[in-house]
Amino acid sequence: MRARVIHSLGYRYSAPVQLGPHRLCMKPRAQGFQRLISFDLCFSPDPHHLHPLVAASGDDILRARFIGCTDTFDIRAVSEVETKVPPLLQACLADNEPELPYPVGHLNGDLIGSLEGWLPNGQHDPAAVELAQEALMGSDQRALMFLQQLVEMIQDRVKYTQRHAGPAWPAGRTLRERVGSCRDLAVLMIEACRCVGLPARFVSGYHLVEPTPKRYDLHAWAEVYLPGAGWRGFDPSGMGAIDDRYIPLATSSRPSLTAAVSGTFSGPPGVKSEMSWSIQAEVLSEEHVAPNLLHY
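Residues numbered from 1 in each chain as written. Predicted model: local features only at pLDDT ≥ 70, side-chain atom pairs only at ≥ 80, totals over all residues. Heavy atoms only, no water.

The subject of this paragraph is unusual backbone geometry. Between Ser44 and the following residue, Pro45, the backbone shows a cis peptide bond with an omega angle of 0°. With an omega of -5°, the peptide bond running from Glu210 to Pro211 counts as cis. In this fold, Pro211 is placed in the loop between strand 8 (200-207) and strand 9 (219-226). A positive phi angle, close to 45°, is found at Ala94, a residue other than glycine. Its place among the elements puts Ala94 in the loop between helix 1 (89-93) and helix 2 (126-137). Judged by its relative accessible area of 53%, Ala94 is exposed. Backbone geometry places Arg178, a non-glycine residue, at a positive phi of 60°. Note that Arg178 resides in the loop between helix 4 (171-177) and strand 7 (179-180). (Helix = DSSP H or I, 4+ residues; strand = E, 2+ residues; numbered from the N terminus. Buried < 20%, exposed > 50% of the residue type's maximum accessible area, 1.4 Å probe, protein only.)

What follows concerns helix 2. Taking 1.5 Å as the rise per residue, helix 2 with twelve residues should run 16 Å; its terminal C-alpha atoms sit 17 Å apart, in good agreement. For helix 2, the set of buried residues is Ala128, Leu131, Ala132, Ala135 and Leu136. Looking down the long axis of helix 2, one finds its buried residues gathered within 135° of arc, a one-sided arrangement. Turned more than 90 degrees from where helix 2 packs its buried face, Pro126, Glu130 and Met137 sit exposed. Of the surrounding secondary structure, the elements contacted by the buried residues of helix 2 are helix 3 (143-157), helix 4 and helix 5 (182-195). For helix 2, the N-terminal capping position is held by Asp125, with its side-chain oxygen 2.9 Å away from the main-chain nitrogen of Ala127. (Expected span 1.5 Å × (residues − 1). Arc of directions from axis to C-beta. Contact = heavy atoms within 4.5 Å. Polar contact = N/O pair within 3.5 Å; in protein donor to acceptor, adjacent residues only side chain to side chain.)

Here we come to the confidence of the model for the protein chain. Averaged over every residue, the pLDDT of the protein chain is 93; residues scoring 70 or more account for 97%. The model gives residues 288-296 a pLDDT under 50, and that stretch makes 27 contacts with residues more than four places away or in other chains. (pLDDT = per-residue confidence, 0-100.)

Before going further, it helps to examine the packing of aromatic side chains. Applying the stated criterion to the full structure yields six aromatic pairs. Centroid distance Phe66 to Phe73: 5.2 Å. Interplanar angle 80°. Geometry classified as edge-to-face. Looking at Phe66, the relative accessible area reads 8%, which means it is buried. A ring pair is formed by Trp221 and Tyr246, whose centres lie 5.0 Å apart and whose planes are at 75°; its orientation type is edge-to-face. (Phe/Tyr/Trp six-rings, centres within 6.5 Å; stacked < 30°, edge-to-face > 60°.)

Next up on the list: the pairing of strand 3 (residues 49-54). Across six bridges, the pairing between strand 3 and strand 4 (residues 60-65) is antiparallel. By the bridge assignment for strand 4, Pro52 is matched with Leu62. Following strand 3, the chain reverses through five residues before pairing antiparallel with strand 4; Gly58 in that reversal takes a positive phi of roughly 95°. (Pairing = 2+ DSSP bridges.)

Below is the structure:
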């Protein structure tokens, strides 16, 4: 699939403010199953200093610094990307499908950070542990069956709903409320995977759903590292294994590090800010290829 995405954010302040340093995760991934054809980023006001960096996850991140005061702040990113359907997981793993729980000692040390729990001491939420154990019981300890079971269980127990404000909920709250946003479901799946030794991380990006909605929003899903197949995307609020209509922007073991824009401002006492945003997407061309579903 080849697509163009225009992502705009606007901030309005009740009085002139000084913008602090900002971190931007708005540049689509340029490797793996996605090719970045073009990317253009515009600011108003223009940053005094703008520099790119490569995050720990390998993503392209931008940092911006500003001088002077302003009562408006606008960002507009225009991206053109080409995505491909990943090869079937069964073909990648063949006769070497990982058995679960996967031994931590067999993993590359670079992946250890994607196994930690969300609790302050690094332990896993008991609710996620229980969910993982339940999915494992019905999977014959096979990784692909476990992932299929896990997605089905999450979708059966949690009703997907949009929630634009606030951080992702911990696994226990999502299961207790029985409702959650895409980021809540992603965190739930990530932690359940980590409980059985599968490294997992949070992904923020675009999902160009069909039919085209009246308004696009940022989407969140999970990437799971499968030895022999590498990092592969799974959307517990969607169809499970992702296809070429997903466009990753940023990944991290911590959801807070994937925010499209994060930064600070300072101004007079009581100053207020309002944010508006829009995401426009156009599919320019599309290959009619079957998505990478999990078949058994």
